[in-house]
Number of protein chains: 2
Amino acid sequence: MAENIDKYELILLSSRKLIEEIGFSALTMDKVAQKAGIAKGTVYLYFKDKNELLEKVLEQGFERMFERIKSKVNTQKGHVEKLRVLIAENINHIYENRYFFKTIFLDEVNVVFLKKKSQESFNLRRKKYTDFIGEIIKSGIESGEFRHDLNPTKVGYMLVSLIKTNAIYNFLNNKPEFTEEMIKSDSEEIFNLLIYGISKH
Amino acid sequence: MAENIDKYELILLSSRKLIEEIGFSALTMDKVAQKAGIAKGTVYLYFKDKNELLEKVLEQGFERMFERIKSKVNTQKGHVEKLRVLIAENINHIYENRYFFKTIFLDEVNVVFLKKKSQESFNLRRKKYTDFIGEIIKSGIESGEFRHDLNPTKVGYMLVSLIKTNAIYNFLNNKPEFTEEMIKSDSEEIFNLLIYGISKH
DNA sequence: AATTATAATGACTTTAAAGTCATAATTCAA
DNA sequence: TTGAATTATGACTTTAAAGTCATTATAATT
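The rules we used
Residues numbered from 1 in each chain as written. Chains lettered and ligands numbered in written order. Predicted model: local features only at pLDDT ≥ 70, side-chain atom pairs only at ≥ 80, totals over all residues. Heavy atoms only, no water. Domains from an automatic or database assignment. Contact = heavy atoms within 4.5 Å. Buried area = accessible area lost by both parts, 1.4 Å probe. Polar contact = N/O pair within 3.5 Å; in protein donor to acceptor, adjacent residues only side chain to side chain. Helix = DSSP H or I, 4+ residues; strand = E, 2+ residues; numbered from the N terminus. Nonpolar A, V, L, I, M, F, W, Y, C, P; charged D, E, K, R; others polar. Axes fitted to C-alpha atoms, helices over the stretch in contact; angles between N-to-C directions. Parallel < 35°, antiparallel > 145°, perpendicular 65-115°, else oblique. Left-handed = near helix turned anticlockwise from the far one by under 90°. Near = heavy atom within 4 Å. Buried < 20%, exposed > 50% of the residue type's maximum accessible area, 1.4 Å probe, protein only.

Enquirer: Provide a residue-level description of the domain arrangement of chain A, including the pertinent values.
Expert: Residue and element names in this part refer to chain A. Examined at the domain level, chain A breaks down into domain 1 (1–47) and domain 2 (49–196). Between domain 1 and domain 2, the contact holds 17 residues from the first and 18 residues from the second. Between domain 1 and domain 2, the buried area comes to about 1600 Å², and carbon and sulfur atoms account for 67% of it. The largest share of the area that domain 1 buries against domain 2 comes from Arg16, Phe24 and Phe47, three residues that together contribute 44% of it. Put simply, domain 1 and domain 2 have five residue pairs in polar contact (both at pLDDT 80 or more) between them. Of all the elements in the fold, those that place two or more residues in the side of domain 1 that touches domain 2 are α1 (7–22), α2 (29–36) and α3 (40–46). Here the side of domain 1 that touches domain 2 gets eight residues from one element, more than from any other, and that element is α1. Partitioning the side of domain 1 that touches domain 2 into residue classes produces eleven nonpolar, three polar and three charged.

Structure below.
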């Protein structure tokens, strides 16, 4: 394992790789230590317990995704365009980290192993993202582009879940290789569903 | 505990109640036995192991929901009406079993504790439902009501996830009491989102 | 180079819950 | 009404993984 990153990051990275390889449920502290090429006791010098380690892995994953999407979205002016870019960038991120998300979404849809407190921070992270989307929806309503009877935050939740479900669908029907092409058409599909629904208009 | 239902059902029922009360992660075979008022060994006479027990609980839960929704949907003729009824009936079911679903959806979004094989049957159950919806979408496309570029099964996945997300949203913002009123407006909200999207049309 | 401080080790301890099985109670069949 | 078959019991065994800590290695300080 690389020598020039500090142990904290090394442990996070090793955990993340392990999660991709064997899933959450099979992850043990012994395996984390082995993967990082250090002793188990060392892991406990950097992380209070397993729960804290897992939480940091998830937190780091979320922050990276959120920052990336946010900066891309902020290059756009119109609300509709913001949404289009958000969807594409989110799908892109999932694609680029597909093994991680495959575990997150499928192997274990859940966070059984996290303590109540961690579950709360999980929900807070989701809220951060859905609120961000909610703001876009809100200005779209004010500008008259979107229906006035919408609950912006709720639409945020809905969009996030559409993107997630799209990924789950692809994982389950194991699309052999994700391609630029596919990302583009998936983005458009979700975009159209969100904006226009399924009816002929 | 009631004497006139057989032990198998008694154990299933007790497990289900426990899941509602303490969640999946805290569920132990000792607690199940205690809740059912029988010895732990007895539980193992009716279920091979914990995994089998949990799987049966989920399976029974799904079958009940699916049968209920299916029979209601089949009273309708038009595809649009079928979808409207499906959404309402699903939300209703979640409402009536809200403590169970709160655990399923929130406390532990997942199935970490289930063996690979059980996860597969979990996915099969979901597929059964999304395919059912997919069929409705398909005939709606053929009759020209819905866009022709839709992937019916995928729309099935999307709708299921919208319904689920709606419930999660309500749980997280703990709407104090679900009311007839709320179920109706939630149904309409999802229906409109699915059929027309968020744009002004 | 010696001393102190910091970091790392991994064998060991603890914990928690799954799963077992000899024994006991109950039901059934003649 | 007794003996065989079935069902139930719960103390005990097993398992698996989290977490600890006395000991050792490395780095920093004088």
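Enquirer: Please give an account of the packing of α1 of chain A against α2 of chain A that cites residues and values.
Expert: For any two helices packed against each other, one specifies the crossing angle of their axes together with the interaxial distance. All names here are of chain A. Contact pair α1 / α2: the axes reach a minimum separation of 9 Å and the direction vectors enclose 115°. The angle between the axes of α1 and α2 places the two elements in the roughly perpendicular class. Read as a crossing pair, α1 and α2 show a hand that is right-handed. Of the residues in α2, those touching α1 at Leu10, Ile11, Ser14, Ser15, Lys17, Leu18, Glu21 and Ile22 are Lys31, Val32, Lys35 and Ala36. Partitioning the contact of α1 with α2 into residue classes produces six nonpolar, two polar and four charged.

Enquirer: Please give an account of the protein's contact with DNA strand C that cites residues and values.
Expert: Near DNA strand C, the surroundings consist of 15 residues, among which Lys7, Thr42 and Tyr46 of chain A together with Lys40 and Lys50 of chain B are the closest. Looking at DNA strand C alone, sugar and phosphate atoms form 61% of those within 4 Å of the protein. Within the backbone of Met29 of chain B, one N or O atom sits 2.9 Å away from a phosphate oxygen of DNA strand C. A distance of 2.8 Å is found between a base oxygen of DNA strand C and a side-chain nitrogen or oxygen belonging to Lys40 of chain B. Looking at which element gives the most residues to the surface near DNA strand C, the answer is α3 of chain A, with five residues. Across the surface near DNA strand C, the residue classes break down as seven nonpolar, three polar and five charged.

Enquirer: Break down the environment of Met158 of chain B for me, citing the residues and quoting the values.
Expert: Take Met158 of chain B: it is sitting in helix α8 (residues 152–172). Its relative accessible area of 4% is what places Met158 of chain B among the buried residues. Taking the C-alpha atoms as reference points, Met158 of chain B and Leu194 of chain B, separated by 36 residues in sequence, lie 8.8 Å from one another. Sequence-distant contacts of Met158 of chain B, defined by excluding residues within four places in its chain, comprise Leu162, Thr165, Asn166, Ile190 and Leu193 of chain A.

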